[in-house]
Amino acid sequence: MEGARTLLTEQLRLVPFVGADASDLAEILADPDVSKNITFDASSPEKCHEGAVKRIGWYNASWPDAGFGVWAVRLRDGGSALGWCGFVASDEEGGDPEI
């Protein structure tokens, strides 16, 4: 993905999301403790999967457009996505990115 970088720590690997991450992200978004803190409809597994696919597209669009974006967080040695972190472009023109 253009502009996206991989970051490594002792324990974690932060990588851009790929389409195959939709199931992992949908499972994370289905957790009521996660969905209650973000604007997200987690009312069914189908809604979670649809939302995950949309979020991955939104997260990845930021890399080439803004030069920053959102990473999938994984254990350094691999495995499924554990969560996400990064920067999201503001909806307001000239606004600061959201962490």
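Conventions used here
Residues numbered from 1 in each chain as written. Predicted model: local features only at pLDDT ≥ 70, side-chain atom pairs only at ≥ 80, totals over all residues. Heavy atoms only, no water. Phe/Tyr/Trp six-rings, centres within 6.5 Å; stacked < 30°, edge-to-face > 60°. Helix = DSSP H or I, 4+ residues; strand = E, 2+ residues; numbered from the N terminus. Buried < 20%, exposed > 50% of the residue type's maximum accessible area, 1.4 Å probe, protein only. Expected span 1.5 Å × (residues − 1). Contact = heavy atoms within 4.5 Å. Axes fitted to C-alpha atoms, helices over the stretch in contact; angles between N-to-C directions. Parallel < 35°, antiparallel > 145°, perpendicular 65-115°, else oblique. Left-handed = near helix turned anticlockwise from the far one by under 90°. Nonpolar A, V, L, I, M, F, W, Y, C, P; charged D, E, K, R; others polar. Pairing = 2+ DSSP bridges.

**Q** Would you mind going over the packing of aromatic side chains with me for this structure?
**A** Remark: the centre distance and the inter-plane angle together describe each pair of aromatic rings, the angle taken between the planes. All chains considered together, the criterion is met by five aromatic pairs. Relative to Tyr59, the ring of Phe17 lies with its centre 5.5 Å away and its plane at 35°, an arrangement referred to as tilted. One end of the pair, Phe17, is in the loop between β2 (12-16) and α1 (22-29); the other, Tyr59, is in helix α3 (residues 45-66), and 42 residues separate them in sequence. For the pair shown, Phe17 and Tyr59 are each scored as buried.

**Q** Help me out: how do you make sense of α3 in this one?
**A** Quick reminder: α-helices carry 3.6 residues per turn. Residues three or four places apart thus point the same way. Spanning 22 residues, α3 covers 31 Å between terminal C-alpha atoms, matching the ideal 32 Å at 1.5 Å per step. Where the residues of α3 are buried, they touch β2, α1, β3 (70-75) and β4 (78-86). Two residues or fewer after α3 comes Gly67, characterised by a positive phi angle close to 85°.

**Q** Please clarify how the packing of α1 against α3 should be interpreted in this entry.
**A** Two measures define how a pair of helices packs: the angle their axes make with one another and the distance between the axes. Across the interface, α1 lies against α3 with an axial gap of 8 Å and an inter-helix angle of 115°. The orientation of α1 with respect to α3, classified from their angle, is roughly perpendicular. Here α1 runs over α3; the crossing is right-handed. Contacts from Ala22, Ser23, Leu25, Ala26 and Leu29 of α1 reach α3 at Cys48, His49, Gly51, Ala52, Val53, Arg55, Ile56 and Tyr59. Counted by class, the contact of α1 with α3 contains nine nonpolar, three polar and one charged residues.

**Q** How should the pairing of β3 be read in this particular structure?
**A** Looking down a regular strand, the side chains alternate between one sheet face and the other. Burial analysis of β3 places five of its six residues in the buried class, which makes it a mostly covered element. In this structure, β2 lies alongside β3, joined through five bridges in antiparallel fashion. Paired with Leu14 across the two strands is Val73, which belongs to β3. In the sheet, β3 pairs with β4 via five bridges, with the strands oriented antiparallel. Its bridge partner being in β4, Val73 is matched across the sheet by Gly83.

**Q** Quick question: what am I supposed to make of the sheet that holds β4 here?
**A** Sheets are built from strands that pair by backbone hydrogen bonding, the pairs being arranged parallel or antiparallel. Strand order in the open sheet formed by four strands is β1-β2-β3-β4, and the pairing between neighbours is antiparallel. The outermost strands of the open sheet, each flanked by one partner alone, are β1 (7-8) and β4. The strands that α1 touches are β3 and β4; relative to β4, the one it contacts most, it runs at about 60°. The strands touched by α3 within the sheet are β2, β3 and β4, with β3 carrying the most contacts at an inclination of about 115°.

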